[in-house]
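Understanding the architecture of this molecule
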Amino acid sequence: MTAAGAVTGLTAGGVVFMVLAWGGIIGVTLYCFYKLLKTEERKR
Amino acid sequence: MTEPHSDPLALPREAWASRLGLILAMAGNAIGLGNFLRFPVQAARHGGGAFMIPYFVAFLLLGVPLMWVEWAIGRHGGSQHGHGSSPGMFQALSRWPGAKYLGVIGLFNCFVVLVYYTCVESWTMAYSLFSASGKYFGITSRAEMGRFLSSFQGFTSSEYFPGGFETAYVFLIITLALNIFILYRGISGGIERLGKIAMPLLFLFAVVLVGRVLTLGAPDPAHPDWNVTAGLAYLWNPDFSQLSQSGTWLAAAGQIFFTLSVGMGSIQCYASYLKRNQDLALAGLTTAMTNEFAEVLLGGCIAIPVAVAFFGLTETQSIAAAGPYDLGFQSMPIIFQKIPMGHLFGGLWFGLLFFAGITSSVAMGQPIMAFLQEEFGMTRRRATAALAIAVVLFIQPVIFLRAFSGEMDFWAGTFGLAVFALIETILFAWVFGMDKAWAEITRGADIRVPRIFYYVIKYVTPLYLLFLLGFWTVQDAKRTLLMEGVATADRPVILWARAMLVFIMAGFMTLVAVAWRRRKHHKRAR
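Our subject in this report is the structure included herewith.

So, how was this worked out
Residues numbered from 1 in each chain as written. Chains lettered and ligands numbered in written order. Predicted model: local features only at pLDDT ≥ 70, side-chain atom pairs only at ≥ 80, totals over all residues. Helix = DSSP H or I, 4+ residues; strand = E, 2+ residues; numbered from the N terminus. Rg over C-alpha atoms; globule rule 2.2 N^0.38 Å. Buried ≥ 20, exposed ≤ 12 C-beta atoms within 10 Å, placed from the backbone. Axes fitted to C-alpha atoms, helices over the stretch in contact; angles between N-to-C directions. Parallel < 35°, antiparallel > 145°, perpendicular 65-115°, else oblique. Contact = placed C-beta atoms within 7 Å. Nonpolar A, V, L, I, M, F, W, Y, C, P; charged D, E, K, R; others polar. Left-handed = near helix turned anticlockwise from the far one by under 90°.

Focus: the overall build of chain B
Within chain B, the secondary structure is distributed over 22 helices and two strands. Its C-alpha atoms give chain B a radius of gyration of 23 Å, near enough to 24 Å, the size a compact globule of 526 residues would have. For chain B, the spread of C-alpha atoms along the three principal axes comes to 80 × 50 × 45 Å. Among the 526 residues that make up chain B, the fraction classed as buried is 55%.

Below you can see the structure in the form of structure tokens.
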């Protein structure tokens, strides 16, 4: 993160960004695969 | 599997055997070495968590729209006109006869990147075996690992590889042969099968490595502050001051660009094997999200956190500054020696990189195969042989001259991508027409594509690309062109590299001219 190299632990901001990014990606990816499965089922 | 189409001159085309196979192959194309090496370095350098703001902005305004544009250009060119490579696809979008020559950039990018990428891919295969056999075990400094790598590549001599470049050459031949074999097997029998095997393995290896890294804690009792949490903090704690720097926004846009493999010509080729009414909106989005999963969740949890846990923050910052190859090939091998079952984890790490590499390199080879088969009527066997001979010829200077690959990477793997993406977006949204383009993207869609993307694709994406290209021209292209900061000894090598690039481009231009003349002749004869 910073050039100063003073980081020792995750800050609240770091946790928020990590959770939002991970959660968002997991959520949308799962939704995409769910939709794919549903449409495949429907087409069959 | 083959599918008929409307162009009477075109041959019956192959098709994907399953939708899952298509998505795994497309995801394999996108997921490359950059997901595990380049992304964490970029994020750590440019504001940690705050980097994710411009990163996701670029994903929405550049990555996803370009993904849909390339899938749509590919499906349109393939299913309706019988073209699996960009010259034919571009010609199908415009009546202007010069359009096919703009498409040559897609062949050029794919071929040039394939040539040097195969080299790097062969290193990952070699290092996977070196890890399992413990060949580099005993080397404890980054500088010495650098000497090990350099002598493996044949650039310097050392006791590790007394035969010089021979070892690297053998691995290169094996890697190239594997790529050629997969391409020879075709779309469903080769590329799709590779995706179905390599992608689950890649994710399995990555999950095992992430599990190992996250349970490391503080491995050195003498340095309790060197731990995985500090590594995650280095990657995620936001430094909002970086958001005011234009470099951060450009780095994020560049990362999105490279990670999704847009601007290459390979996505269009894979999409050309879709059926006319087959969904591309959901499949394209799923591919992009799978890539993001591999990059942000898995890639972000391996190299940088483990480097902080073993080297501390200060040295990790210097590793990040030295670039992704230093991180992957010099720092990680030292770490594997310090953890129990390091042989296994080293093998998994480089195996993961190899799978990421080969699924991308076959994607770069396929447009050339499609071009030779469809525009010259070659059999798959002859097209494979022609591609193999061309790669073997042009890869020789890359093996022996270090400066070659850097020059190729910049002109085809960086600058060329932005140029090609800008041209295809303008051609698709403005020349073909945005209404027709939108109909192409949404036809057969299994999700509702938000209407706002109509305007994003028409206005925002080209402007974003123009800005990116302009900045790279001012910042990098001019400096690279004038060889600023290049050692005098390397200058002739760089000039040779440029001469080779011009020769490749001229060669493809000539082939396109010949192919279309041949096409015209055949039409007349009918």
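A few points about the packing of helix H9 (residues 166–185) of chain B against helix H10 (residues 187–214) of chain B
All names here are of chain B. Remark: H9 packs on H10, axes separated minimally by 5 Å, with the N-to-C direction vectors making an angle of 120 degrees. Relative to H10, H9 is oriented oblique. In this structure, H9 uses Ile182, Leu183, Tyr184 and Arg185 to contact H10, whose residues at the interface are Gly189, Gly190, Ile191 and Leu194. Among the residues making up the contact of H9 with H10, the classes are represented as five nonpolar, two polar and one charged.

Focus: the interface of chain B and chain A
Listed as interface residues are 30 residues of chain B and, on the opposing side, 23 residues of chain A. Taken together, the elements giving at least two residues each to the side of chain B that touches chain A come down to helix H11 (228–236), helix H14 (281–298) and helix H15 (303–322) of chain B. With nine residues, the top contributor of residues to the side of chain B that touches chain A is H14 of chain B. Split into classes, the residues belonging to the side of chain B that touches chain A amount to 16 nonpolar, nine polar and five charged.

Describing the packing of H9 of chain B against helix H17 (residues 342–376) of chain B
Residues and elements named next belong to chain B. Axis separation between H9 and H17 bottoms out at 10 Å; the angle between their running directions is 55 degrees. For the element pair H9 / H17, the angle class is oblique. The way H9 lies across H17 gives a crossing that is right-handed. Facing Leu178, Asn179, Ile182 and Leu183 of H9, the residues of H17 in contact are Ile358, Ser361, Val362, Gly365, Gln366 and Met369. Its residues assigned to classes, the contact of H9 with H17 comprises six nonpolar, four polar and no charged.

Overview of the environment of Lys196 of chain B
Residues and elements named next belong to chain B. Within the element layout of this structure, Lys196 appears in helix H10. Given 17 C-beta atoms within 10 Å, Lys196 falls into the partly exposed group. Note: C-alpha distance between Lys196 and Ala25 (171 residues apart in sequence) is 7.6 Å.

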